[in-house]
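Next come the chains, spelled out residue by residue.
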Amino acid sequence: MGLGLSAIRLDSTLNLVIVVVLTLLAIIAVPFFWERWRRKVIGRSATILTAVVLILVSAGMGGNMIGGFFPTVGALFGTGVYSGETVDAVAGQDGADLDKLRDAGAMRAKEGRGSVVHMTVTGKRTGLTRDVSVYFPPQYYDPAYRSLKFPVIEWIPNYPSGPEVVTGPYELPAKLDAAIAKHVLPPTLVVIPDPTGKPKVGHDTECIDEVNGTANDTYLTADIRDWAIEKLGANPQRKAWTMAGWSSGGYCAMNLVTRHPQWYGQAASVSGYYKASVDAETENLFKGRQDIVDANTVTINLRKHPSPVDLLAIAGDKESFESFSIDQIQAAVRAPATLSSWRIPDAGHNMNTFKAQVPDVLAWIGARTVPPCMPQDKKIVTNGGVTPWPLPNTGAKGALVDVVE
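Residues numbered from 1 in each chain as written. Predicted model: local features only at pLDDT ≥ 70, side-chain atom pairs only at ≥ 80, totals over all residues. Heavy atoms only, no water.

Trainee: For the overall build of the protein, give the residues involved together with the corresponding values.
Mentor: Helices and strands together make up the secondary structure of the protein, namely 13 helices and nine strands. Taking all 405 residues of the protein together, the buried fraction comes to 56%. Long-range contacts, defined here as pairs at least 24 residues apart, represent 76% of the contacts in the protein between residues at least 6 apart. Roughly 17400 Å² of accessible area belongs to the protein as shown, and the carbon and sulfur atoms make up 60% of that amount. (Helix = DSSP H or I, 4+ residues; strand = E, 2+ residues; numbered from the N terminus. Buried < 20%, exposed > 50% of the residue type's maximum accessible area, 1.4 Å probe, protein only. Contact = heavy atoms within 4.5 Å. Areas by Shrake-Rupley, 256 points an atom, 1.4 Å probe, with all protein chains shown as cover.)

Trainee: So what's going on with the state of the cysteines? Residues and values would help.
Mentor: Summed over all chains, the structure comprises one disulfide. The disulfide partner of C207 is C252, and the gap between their sulfur atoms is 2.1 Å. Sign of the S-S torsion, about 90° for the bond between C207 and C252, identifies this disulfide as right-handed. Of this pair, C207 sits in the loop between β5 (189-193) and α8 (216-232) while C252 sits in helix α9 (residues 248-259), and the two are 45 residues apart along the sequence. (Disulfide = S-S within 2.5 Å.)

Trainee: So, the pattern of salt bridges: which residues are in play, and what are the values?
Mentor: A complete count under the given rule lists 11 salt bridges for this structure. E171 is paired through a salt bridge with K175; the nearest N and O atoms lie 3.4 Å apart. (Salt bridge = Lys/Arg side-chain N within 4 Å of Asp/Glu carboxyl O.)

Trainee: A description of the side chain of S307 should follow, citing residues and the corresponding values.
Mentor: In this fold, S307 is placed in the loop between α11 (298-304) and β8 (310-316). In this structure S307 comes out as buried when scored by relative accessible area, which is 6%.

Trainee: Any details on helix α5 (residues 102-110)? Residues and values, ideally.
Mentor: Since there are 3.6 residues in each turn of an α-helix, residues three or four apart along the chain are aligned in direction. R102, G105, R108 and A109 are the residues of α5 that are buried. End-on view of α5: buried residues confined to an arc of 120°, all on one side of the axis. Exposed side chains of α5 directed beyond 90 degrees from the buried face belong to D103, M107 and K110. In this fold, the buried residues of α5 make contact with β2 (115-122). Directly beyond the C-terminal end of α5, a positive phi value near 80° is found at G112. (Arc of directions from axis to C-beta.)

Trainee: Lay out the pairing of strand β7 (residues 266-270) with the relevant residues and their values.
Mentor: Extensive coverage of β7 is indicated by the burial of five of its five residues. Neither face of β7 is left uncovered, since the one carrying Q266, A268 and V270 and the one carrying A267 and S269 both have all their residues buried. As judged from the five bridges shared by strand β6 (residues 241-246) and β7, these two strands associate in the parallel manner. Bridge pairing in β7 places W246 opposite V270. What joins β6 to β7 is α9, and the crossover it makes is right-handed. (Pairing = 2+ DSSP bridges. Right-handed = clockwise from strand over helix to strand, strands pointing away.)

Trainee: Lay out the sheet that holds β7 in plain terms, naming residues and giving numbers.
Mentor: Read across the sheet, nine strands follow the order β1-β2-β3-β5-β4-β6-β7-β8-β9 without closing on themselves; strand pairing throughout is mixed. Looking at the sheet topology across the chains shown, the edges are occupied by β1 (89-90) and β9 (338-344). Most of the contacts of α8 go to strand β3 (residues 129-136), to which it runs at about 50°, and overall it touches β2, β3, β4 (152-156), β5 and β6. Against the sheet, helix α12 (residues 320-332) makes contact with β8 and β9, and its axis sits at roughly 155° relative to β9, the strand it touches most. (Axes fitted to C-alpha atoms, helices over the stretch in contact; angles between N-to-C directions.)

Trainee: Help me get a handle on helix α7 (residues 172-181), residues and values and all.
Mentor: Burial of α7 is extensive: seven of the 10 residues sit out of reach of the surface. Looking at α7, one finds that the buried residues are L172, P173, K175, L176, D177, A179 and I180. In this structure, the buried side of α7 is in contact with β2, β3, β4, α6 (163-167), β5 and α13 (351-366). Two residues or fewer past α7, H183 is found with a positive phi of approximately 60°.

Trainee: Got a sec to walk through the pairing of β6? Specific residues and values, please.
Mentor: Counting buried positions over the six residues of β6 gives six, a clear majority of the element. Both faces of β6 are covered, namely the face carrying W241, M243 and G245 and the face carrying T242, A244 and W246. One ladder, built from five bridges, connects β4 with β6; its direction is parallel. Across the sheet, residue I153 finds its bridge partner in β6, namely T242.

Trainee: Go over the environment of W389 with me, naming the residues and quoting the values.
Mentor: By the element assignment, W389 lies in the segment after α13. Assessed through its relative accessible area of 9%, W389 is described here as buried. The spatial distance from the C-alpha of W389 to the C-alpha of H260 is 8.0 Å, given a sequence separation of 129 residues.

Trainee: Before we move on, could you go through the environment of V333 and cite the residues and values that matter?
Mentor: With respect to the secondary-structure elements, V333 resides in the loop between α12 and β9. Those residues in contact with V333 that lie beyond four places of it in its chain are L302, T338 and L339.

Trainee: Can you explain the packing of α7 against α13? Please cite residues and give values.
Mentor: Close contact between α7 and α13 brings their axes to 10 Å; oriented N to C, the two are set at 35°. When the axes of α7 and α13 are compared, the crossing they make is right-handed. Here L172, K175, L176 and A179 of α7 lie close against α13, whose contacting residues are K355, V358 and L362. Residue composition of the contact of α7 with α13, grouped by class: five nonpolar, no polar and two charged. (Left-handed = near helix turned anticlockwise from the far one by under 90°. Nonpolar A, V, L, I, M, F, W, Y, C, P; charged D, E, K, R; others polar.)

So this is what it looks like as structure tokens:
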């Protein structure tokens, strides 16, 4: 079932053209058969229903291609098979057998290509198990780098997508290969966790520890970070950790970094916003708790808890709320935090706006993160001396209250 659905591409121009042609034929068929089936109610109903369904499907596929949400039908229904076109290998639970994949990774590294490996990761604090894809740079398989600790970009997919959208429609692995080859970005691990879980549609978590609900924030920060340091050889220094994303992923990146500055040094957002989106797709995340709303508002975090984090916020000049969000963040920034921002002319909230900015985003991160380096002495404080600020208790299982390094 999963394999079959994963083979049906939703991001294919050819498939969209085929559906549009079928839609036009179905629309033409309605008046053509109307008189012929004057006494056949079922026939008339069937032609109308077929036309309506195809109109909805073609509109949905068009919107999906613009937004880059689901590459396949399998991804849409949460049955996607990750060992297809968008990843190079599938590892066991928590990356248990990553060492067995080193030879294949080394072969790709000789061609200057990194490797994308998919797995599921269970958080030690939350107990949540979600899909995670990891980009390993070519140098990860170089014996000269074997003892070094790598910096990390934690890339948050946009709602309602999962890791497959980053390695597929985003085309991020190829852009990472190019940036590393040009020495714009140091060899970097890119961890791509699923921020939503299943089901996806109607389950927008906004990466928040829900009040008396799922501890999404804790999973994406504490759980993923601890796992990457332990299993992947990630550098534990806060300046070695960046969060990035587009749209809701951009909000998640800025919110989580300003909430946990003792763990992260940078956040890069394209078309993100300054506060959690609450709409028909969002669950009841806050349950009336204004203190939790405030604790997940980027501008309030910046004003009340200034910390040495560097933020990048980008928006198209046709994105009214995203552009407004940049103004709000700019007004809220307090030293030692910094904000870099720009607006893209004639650009709206779509995948093309985002993809065009990826090289510049990687260059911005590369100028601020740290290169692979020898492990630090355990006596050295890896949080850079940044003291975490007290977080309100959401009542979510495994959620962070007072965070300590």
